[in-house]
Amino acid sequence: MNNNDDKFIIRAKKNYGETSVVSCRMPNDVLKQLDKISARTGRTRNELILKCIEFALDKLQIIDEP
């Protein structure tokens, strides 16, 4: 069974307009994975991080618990 709803798909770049710089800490192993994907896809680390965040926001579901 192939379910593309759970796939992380990289498409052509889009123009985001005005941007801001944001800093975050992440484990070194995550950074290494990003760098491997960056080398393989030709995308910058920044582009990949932004795509990951967009993907997560699109799939986000907030459950209010009592």
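Parameters and conventions
- Residues numbered from 1 in each chain as written.
- Predicted model: local features only at pLDDT ≥ 70, side-chain atom pairs only at ≥ 80, totals over all residues.
- Heavy atoms only, no water.
- Patch = residues over 30% accessible without salt bridge, like charges linked within 9 Å, V, L, I, M, F, W, Y side chains within 5 Å.
- Areas by Shrake-Rupley, 256 points an atom, 1.4 Å probe, with all protein chains shown as cover.
- Salt bridge = Lys/Arg side-chain N within 4 Å of Asp/Glu carboxyl O.
- Helix = DSSP H or I, 4+ residues; strand = E, 2+ residues; numbered from the N terminus.
- Disulfide = S-S within 2.5 Å.
- Buried < 20%, exposed > 50% of the residue type's maximum accessible area, 1.4 Å probe, protein only.
- Expected span 1.5 Å × (residues − 1).
- Arc of directions from axis to C-beta.
- Contact = heavy atoms within 4.5 Å.

A contiguous nonpolar patch, built from Ile53, Leu57, Leu60 and Ile62 and spanning about 440 Å² of accessible area, is present on the exposed surface. Tracing the backbone shows Leu60 in the segment after helix H2 (45-59).

With the rule as written, the count across this model stands at zero disulfides. No disulfide involves Cys24; its nearest neighbouring cysteine sulfur is the one of Cys52, lying 11 Å away. Looking at Cys24, the relative accessible area reads 54%, which means it is exposed.

Relative to the 21 Å expected for 15 residues at 1.5 Å per residue, H2 spans 21 Å between its end C-alpha atoms, a close match to the ideal helical length. Listed in full, the buried residues belonging to H2 are Glu47, Leu48 and Lys51. What you see down the axis of H2 is that its buried residues fit within an arc of 95°, all on one side. Opposite the packed face of H2, turned more than 90 degrees from it, sit the exposed residues Asn46 and Leu57. The inward-facing, buried residues of H2 abut helix H1 (28-41).

These figures capture arrangement, not role.
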